[in-house]
Structures are given as structure tokens and as C-alpha cells.
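A closer look at the structure
Take a look at the letters that make up each chain.
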Amino acid sequence: QVQLVESGGGLVQPGGSLRLSCAASGSIGSVVAMRWYRQAPGKQRELVATITSGGTTNVADSVKGRFTIFRDDAKNTVYLRMDSLKPEDTAVYHCNADVANTYGVRRSDYWGQGTQVTVSS
């Protein structure tokens, strides 16, 4: 099993910044990709950012230029740096892992518990 623990959410004013963290632990053989999703009330879940094992990153058009995804391999942790936050960024942010365990079995449905981000004055 693989466990994901997110942290770093909170209440921030428009224009502010937050950094979310997602720490992975458990039977991790290799990481294929890590992703951040978000879901606002009444809206569909949205893919926000992806980082692959090779370090390739991609962010949604809605956050391009404001959000950055990066990782610390030594800590098995992926981060989402969010700058110039807007009220429409308010959502629960979830970390997702696509990993192969130590037996080489790959799964892409590992999820963290989510962390609330609220952007409001």
C-alpha cells in the first residue's frame, strides 16, 4: 500500500500564496507520476498539475503562470506552489499518485485525504 498525506492548505487573501505538500510513504517501488487535483463545491474535479518521473511538468491553463509543481525525491514529497491566488482557486486539493509498488504492480488510484484552500478577503 501507498499512503499520501497532504498539508499546507488554509485561508489566504486574494493575491496571496500557499505551498501544498504531499508526502508519499509505503511500498513504493517507483513513481510514474504525481498529480494535484482540485474540486470546488458543485464543480467537477479538475486536474491542476502533473510531474512525471522524468521531471516533466504540466499545469492547467487556469493556473499557468501562477502555480508550480515540484518535488523532493529524497523526501518522496511533491509540492504545489500557488501564487497570485484568486477566489476561484478555492477548492479541496487532492494529491494523486501513479506508482509501482515494490513488487512492480502499478496503480494510479492512490489519493490523499485532501486539503482545503480558501481564497477570500
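Here's a quick rundown of the structure. (Residues numbered from 1 in each chain as written. Predicted model: local features only at pLDDT ≥ 70, side-chain atom pairs only at ≥ 80, totals over all residues. Heavy atoms only, no water.)

If you walk across this open sheet you meet the four strands as β1-β3-β8-β7, and the pairing is antiparallel. Strands at the two margins of the open sheet, each flanked by one partner only, are β1 (2-7) and β7 (67-72). Sheet twist, expressed as the average angle between the axes of neighbouring strands with direction ignored, equals 15°. Bridging between strand β3 (residues 18-26) and strand β8 (residues 77-82) involves six bridges; their strand directions are antiparallel. Within the sheet, the bridge partner assigned to leucine 18 lies in β8 and is methionine 82. (Pairing = 2+ DSSP bridges. Helix = DSSP H or I, 4+ residues; strand = E, 2+ residues; numbered from the N terminus. Axes fitted to C-alpha atoms, helices over the stretch in contact; angles between N-to-C directions.)

Time to look at the pairing of strand β11 (residues 115-119). Side chains Thr115, Val117 and Val119 of β11 all project onto a buried face; the interleaved residues Gln116 and Thr118 project onto a face where none is buried. Here three bridges tie strand β2 (residues 10-12) to β11, and the two strands are oriented parallel to one another. Looking at the pairing, glycine 10 lines up with valine 117 of β11. (Buried < 20%, exposed > 50% of the residue type's maximum accessible area, 1.4 Å probe, protein only.)

Let us now look at the nonpolar core. Most often, soluble globular proteins have nonpolar side chains that are buried together. In terms of nonpolar packing, the biggest core is built from 31 residues, with Leu4, Trp36, Leu80, Met82 and Tyr93 touching the most fellow members. The set of elements that each furnish at least two residues to this core consists of β1, β3, β4 (30-39), β5 (46-52), β7, β8, β9 (91-100) and β11. (Core = buried A, V, L, I, M, F, W, Y, C linked by side-chain atoms within 4.5 Å.)

The subject of this paragraph is the state of the cysteines. Throughout the structure, instances matching the rule amount to one disulfide. Between cysteine 22 and cysteine 95 runs a disulfide, and the two sulfur atoms are separated by 2.1 Å. For the disulfide bridge between cysteine 22 and cysteine 95, the dihedral angle about the S-S bond is near -80°, and by the sign convention the bridge is left-handed. A residue pair is termed long-range when its members are at least 10 positions apart, and cysteine 22 in strand β3 and cysteine 95 in strand β9 qualify at 73 residues. The exposure class assigned to cysteine 22 is buried, which follows from its relative accessible area of 0%. (Disulfide = S-S within 2.5 Å.)

All right, on to the environment of lysine 64 then. Take lysine 64: it is sitting in the loop between β6 (57-59) and β7. Each C-alpha atom, one on lysine 64 and one on alanine 49, is 9.4 Å from the other, the two residues being 15 residues apart in sequence. At 3.2 Å, the side chain of lysine 64 and the side chain of aspartate 61 are in polar contact. (Polar contact = N/O pair within 3.5 Å; in protein donor to acceptor, adjacent residues only side chain to side chain.)

This part is about the environment of alanine 60. Position of alanine 60 relative to the elements: it lies in the loop between β6 and β7. Counting along the chain gives eleven residues from alanine 60 to alanine 49, while the straight-line C-alpha distance between them is 6.2 Å. Once you skip the residues sitting within four places of it in the chain, alanine 60 turns out to touch Glu46, Leu47 and Val48. (Contact = heavy atoms within 4.5 Å.)

The next point concerns the layout of surface pockets. Considered as a void within the structure, the largest pocket measures approximately 180 Å³ in volume. Around the largest pocket, the lining residues are Ala24, Val31, Met34, Ile51, Thr52, Ser53, Arg71, Asp72, Asp73, Asn76, Thr77 and Val78. At the level of elements, β4, β5, β7 and β8 are the ones that each hand at least two residues to the lining of the largest pocket. Here the residues of the lining of the largest pocket are counted per class, giving five nonpolar, four polar and three charged. (1 Å grid on protein atoms, 1.4 Å probe; cavity = no way out; pocket = protein on both sides within 12 Å on 5 of 7 lines; lining within 4 Å. Points joined across faces, edges and corners; volume = space filled by probe spheres on them. Nonpolar A, V, L, I, M, F, W, Y, C, P; charged D, E, K, R; others polar.)

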